[in-house]
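# Structure assessment
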Amino acid sequence: MTHAELDPIRLEVYKHLFASVAEEMGVVLRKSAYSPNIKERRDYSCALFDTQGAMISQAAHIPVHLGSMPLSVLEILRVFHGSQALESGDMVILNDPYRGGTHLPDITLVAPVFENESSTAPIGFVANRAHHADVGGMQPGSMPVASEIFQEGLIIPPIKLIARGQINPAVLDLILANVRTPMERRGDLFAQIASNRRGIDRLLEMTRRYGLDEINQYMRGLLAYTERMLRNLIRSLPDGAYACTDYLDDDGLGHQRIPIQVRITIEDDSACVDFTGSAPQQAGSVNAVLAITMSAVYYVFRCLVGLDVPNNSGCMAPIRLIAPAGSIVNALKPAPVAGGNVETSQRIVDVLLGALAQALPSRVPAASQGTMNNVTIGGWDDRTDTAFTYYETVGGGMGARSDRDGASATHSHMTNTLNTPIEALEYAYPLRVLRYEVRDYSGGAGKYHGGDGIRRDTMVLTDAQVSLLTDRRELPPYGLAGGASGSCGQNVLIRDGEELPLPGKGTLQLRKGDILSLRTPGGGGYGAPDSTAND
Amino acid sequence: MPSCAGLPQQVSCWRVNMAKLSIGIDIGGTFTDFVVHDPAADALRSFKLPTTPHDPSVAVLEGLASILKPDSTARIIHGSTVATNALLERKGVATALITTRGFRDVLQIGRQNRPQLYDLFADPPTPLVKRDWRYEVDERVDAQGNVLIALQDAQVDGLAAQLRLQGIASVAICLLFSFLHPEHEQRIANVLRRGGFFVSASHEVLPQHREYERTSTTVINAYVSPILDRYLANLETAIHSVALKSSVDLRIMQSNGGIISPAEARSNGVHCIMSGPAGGVVGALTVARAAQPPGAEVKIISFDMGGTSTDVSLCEGDIQTTSEASVGGFPIRIPIIDIHTVGAGGGSIAAVDAGGALRVGPQSAGADPGPACYGHSDTPTVTDANVVLGRLPGAYFLGGRMPLDEARAWHAIGELGARIGLSATETALGIVAIANAHMERALRVISVERGYDPRDFTLVSIGGAGGLHAAELARRVGIRSVLIPPFASTLSAYGMLAADVVKDYGITVMLPGNIDAVTLATQFQPLVDRCMHEALAEDVGPENIVIQQSLDMRYHGQSYELNIAFSPDYRTAFEAAHARAYGYHRPDVATEIVNLRVRAIGRVAKPPLQTRNASHGDSQPALLETRQVMFDRQLNVPFYRGELLQPGHALHGPAIIVRNDTTVLLNSGDNAVIDAHRNIIITVPTDGSNEATP
């Protein structure tokens, strides 16, 4: 469809209609889920797809899910066809990062939408992805420093969890038998099912009201609309090549200073984003599958284009992505990937923004904390005589902007999960939080200061195992235009009053009464500090 | 009418003495509205004065001076934006916060999320208490309410002096788990109150878990209450100087749709943040209730389309409140009327974006410069689109007091259309369709998405701009009946006259969901006693107090709760509510009772709505003229003068009713009657004749 054939009025109306399907799915998922990770922290996303697997709308939840969900639908289109074709009432579950997933805790449910029971071809797909706090594997929380993916947890290839409306109890039993917290998982999966069902109902309702032809027409129209907006943005950038390299501290297994390199070439209204030169995939779990790298690229361009653009696959149309197979930005099986999603994705954003800062200096901030500070604590809760798994990510400093300081103590870029309230977590787990405060002077100096990180100290009230998956402990977030770097983060064990430094990534056994003190990085500063007299 | 017989001496029954004037006053951004019931004349009248933003009491007193006579007795119910503005404009008092050691930054960190995912320049709101004014004390209570670190007097002794040195006027106290063990907060509060500070303590304001939301609510209360206190003190003094011999009884509207005494409001300012919108919904509910046969359950969706935004709220039997509201980016977790707002109103600006889509809102032309047809700009808006379509003839606007510049509206819409290759009328139809789509979405959010069937509800249009859109929106969401009350634009002030005394209490208990109802009733008792006591203190007789008990419940392991009326069979009620809200339930899974809630409603007598007998006459005298109006095609449409329509008159769409306060559009197939209260009741066909025009 060409621009001229679109009705600008219906285009606007459909934009809201499609967005509302995904948003409503999100409300159902959030409110009916079980685990604090989904309900309190909102670590999930919901989206609507056309028959080809192009994403039409996504509720604005978690950026790292944004660009990666279409690959789930594409995988399902690849697997289920011919005699295996999906039927009305089917729902497919998956988490295999090498088959449409991202990392194992993110379980995705995809449902085809059929106009009626006897339809043979779907009219679209709805899908949601939620981070489950445990999917088995070598450590509680399923975010270990592993050396192969099989240690990270249960791998679920695309299989039908629901066939013609009936849950397959064998699939559910198999999953629940492999996780530490089956009750919670079951509840969360039911919430995911309810969410998709709501999405199906809404899309069908729209179809009855407006007709399938028009729905299809405007699905395509909105993809083209977002593409136009992206092309306008890219055309506004000076043609040229912009390169940036930054590093992950380590892979948790001793390999340090892992480069991620990008070269962005802008030519008229399209961009080539080339990660050639990035490190090969690593032994430790910092590998990103292609879906993650796509999400990071998508996120950065989505930010620069402005607020009010539909979140759909049209965003990627003007962008050619080169990510060498077998590299840290396009890992191959059986590389472990738990941290690719949560840590490497942040560094990919850092290099993308670092490159684009050269083209758009006033609109790109200095580096933000560049990590999600993942911490998982698991063990046995004597109070309830059950296993517990607590997963948290911690905010930090944001990079300063060309006209203002960076925000302190908040999540940046690829995540926006909420914290677990202290009064909720102490009720649910044998843990006690002793401090939760802004980490003073951790933001980088500059004409505008980087935001400060957070200090969060948690005491375990029982022996427990803790997994840390954190970065920017060795190499700080960069400043821009002469601004100083932010402070590195620190992980500290406080045992009997004594502070012992901990590595950025690793697993350790805590004793009852031990305190885990997380001090998260500050953001980079912007502009030379002496360029204003006093601020 | 309430009776005072048999009551103890000290409890005087606050009844509506029918010799008393009843005056509802709502201060809005542009106008201050008055609705007056005079029992002597058995008349209800309303008027508006321009709001005086520098001191809102000026307009209030001017209005009162015109109503009160030296010997009047009056009951005044007042809703005001004083607390709201203090919060939104950050003009509250110098406020300190006292927290458990290690947690003073909870207020700043919030839930550690950023407000916009894809905006690198958007920041979380700056906390209301700056860091230097957040104090920590050594104390700690655990999740079971056990004291781990006892608060020492030495921690508290020096505080007052420190705060005074900083020029602090007001103090919020929020300690971890204080809802389980309030004693530490109480001791600090006692010392500071003796020291002359205004104190807002979290165990009093919101004794519920989730420390950030509780802190935020407690801080807002500390920040705005002294402002409201000062305003009310001035107002009370001034009222007595205006009406020296008058006996005036003042009540304040709250965000939960109920009223409280000024004394209560002055220490609980956070309860008054949404008083104006709450008045509107109570007003809508009251007129809808009066329009139905007695005893029938009232199910309405109130629809308040203003200049910048549109508020919608669903009521099933009674108004609904939410504990998940946010104002100005700050969570407020006390029960507040559940209103959903979208950025589409009469003044919403239409524009074409870089991708070639026609946009409407959220930017608004406001009242100044206003829509193009106001004559001060060339900005095309929803109101201009209605002018172009012939639905809002310039000569009739506000009863002819403010003629609209139709040519300017045509020009503005025409220019916009030229950019996307559409005629002015096509563009205008598009603007109305997009604005309707925004408002339709809001109606769906509060109804269909929450498991309510819109066909069971009546859409009550309040505010001036809604009359042109209400019937069309009803059609789009499947609502069959629309009610437009006779004083649509001052309904909020009327709602204040009709509001009951409402007291809400909730406390976090974390009990297993299999606890028997008798035990639970014992747990409720202290709350019920407190609620009853405070309702009696509002001068309501005990026979007029209704106590509602409810539970916030969830399945074990969930972290959002559903509010369930307390009954012996509460577990079954929870399952049903869960199934309705989320499409499934799990009777095999254990449940938890998170919060107990008690609401005391003190029924006060309401000024009766005027009733007139049906006229069998013809509506012809009200017919003004027939004009061309644009729908999907041009139609000849009769225009009626609303003030001349009599009860019993029936109209058939297409038709337009012009009134001084609003203009009402009937589409083809709509039928309207004027009822005994002069409401316009529109019946909208739901036979599928509404062709899908998004």
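## Notes on the packing of helix α8 (residues 290-305) of chain A against helix α9 (residues 338-359) of chain A
For any two helices packed against each other, the geometry comes down to the angle between their axes and how far apart the axes lie. Residue and element names in this part refer to chain A. Following both chains from N to C, one finds α8 and α9 inclined at 45 degrees, their axes separated by 9 Å at the closest point. By the criterion of interaxial angle, the relationship of α8 to α9 is oblique. As for how α8 packs across α9, the hand of that crossing is right-handed. On α9, the residues that touch Ile292, Thr293, Ala296, Val297, Tyr299, Val300, Phe301 and Leu304 of α8 are Gly340, Asn341, Ser345, Ile348, Val349, Leu352, Leu353 and Leu356. Class assignment of the residues belonging to the contact of α8 with α9 gives a composition of 12 nonpolar, four polar and no charged.

## Comments concerning helix α14 (residues 470-477) of chain B
Residues and elements named next belong to chain B. Burial analysis of α14 places seven of its eight residues in the buried class, which makes it a mostly covered element. Among all positions in α14, only Ala470, Ala471, Leu473, Ala474, Arg475, Arg476 and Val477 are buried. Among the residues trailing α14, Gly478 stands out with phi positive, at a value near 85 degrees.

## Examining the packing of aromatic side chains
Between two aromatic rings, the relevant description is the distance of the centres plus the angle of the planes. Residue and element names in this part refer to chain B. A full pass over the atoms with the stated rule returns 16 aromatic pairs over all chains. Seen in terms of ring centroids, Phe566 and Tyr570 are 6.4 Å apart; in terms of plane orientation they differ by 45 degrees. Their pairing is tilted. The burial state of Phe566 is the same as that of Tyr570; both residues are buried. Residue placement shows Lys130 over the ring face of Trp133; its charged tip is 4.5 Å from the ring centre. The ring of Phe639 carries the charged tip of Arg627 above its face, separated from the ring centre by 5.8 Å.

## A look at the sheet that holds strand β22 (residues 458-462) of chain B
Residue and element names in this part refer to chain B. Taken in spatial order, the eight strands of this open sheet run β19-β14-β13-β22-β23-β34-β33-β30, and their pairing is mixed. The open sheet has two free edges, formed respectively by β19 (340-342) and β30 (650-652), since each of these has just one partner strand. On average, each strand axis in the sheet is tilted by 20 degrees relative to the strand beside it, whichever way the strands run. The sheet contact formed by β22 and strand β23 (residues 481-484) spans three bridges and is parallel. Counterpart to Val460 in the pairing with β23 is Leu483.

## Topic: the pattern of salt bridges
As enumerated under the stated definition, the model contains 78 salt bridges over all chains in all. We note a salt bridge from Arg435(A) to Asp457(A), for which the minimum N-O separation is 3.9 Å. You can see Arg435(A) sitting in strand β14 (residues 431-439) and its partner Asp457(A) sitting in strand β15 (residues 453-460), a full 22 residues away along the chain. Of the charged contacts, one joins Asp353(B) and Arg359(B) as a salt bridge, the two residues approaching to 2.9 Å between their closest N and O atoms. For the pair formed by Asp353(B) and Arg359(B), the shared burial category is buried.

## Digging into the interface of chain A and chain B
Listed per partner, the contact involves 94 residues of chain A and 78 residues of chain B. Summed over both sides, the interface between chain A and chain B buries roughly 7,100 Å², with carbon and sulfur atoms accounting for 53% of that surface. Summed over the three residues of chain A that lose the most area to chain B, namely Tyr34(A), Glu423(A) and Tyr427(A), the buried surface amounts to 12% of that side. Across the chain A-chain B interface, the total number found is 10 salt bridges. Viewed at the interface, chain B and chain A are joined by 34 residue pairs in polar contact (both at pLDDT 80 or more). Residue assignment for the side of chain A that touches chain B shows that the elements contributing at least two residues are α1 (8-32), α2 (36-39), α3 (63-66), α6 (182-210), α7 (212-235), α8, α10 (422-428) and β14 of chain A. The element best represented in the side of chain A that touches chain B is α1(A), accounting for 16 residues. Class assignment for the residues of the side of chain A that touches chain B results in 40 nonpolar, 23 polar and 31 charged.

Basis of the calculations
- Residues numbered from 1 in each chain as written.
- Chains lettered and ligands numbered in written order.
- Predicted model: local features only at pLDDT ≥ 70, side-chain atom pairs only at ≥ 80, totals over all residues.
- Heavy atoms only, no water.
- Axes fitted to C-alpha atoms, helices over the stretch in contact; angles between N-to-C directions.
- Helix = DSSP H or I, 4+ residues; strand = E, 2+ residues; numbered from the N terminus.
- Parallel < 35°, antiparallel > 145°, perpendicular 65-115°, else oblique.
- Left-handed = near helix turned anticlockwise from the far one by under 90°.
- Contact = heavy atoms within 4.5 Å.
- Nonpolar A, V, L, I, M, F, W, Y, C, P; charged D, E, K, R; others polar.
- Buried < 20%, exposed > 50% of the residue type's maximum accessible area, 1.4 Å probe, protein only.
- Phe/Tyr/Trp six-rings, centres within 6.5 Å; stacked < 30°, edge-to-face > 60°.
- Lys NZ or Arg CZ within 6 Å of the ring centre and 35° of its normal.
- Pairing = 2+ DSSP bridges.
- Salt bridge = Lys/Arg side-chain N within 4 Å of Asp/Glu carboxyl O.
- Buried area = accessible area lost by both parts, 1.4 Å probe.
- Polar contact = N/O pair within 3.5 Å; in protein donor to acceptor, adjacent residues only side chain to side chain.

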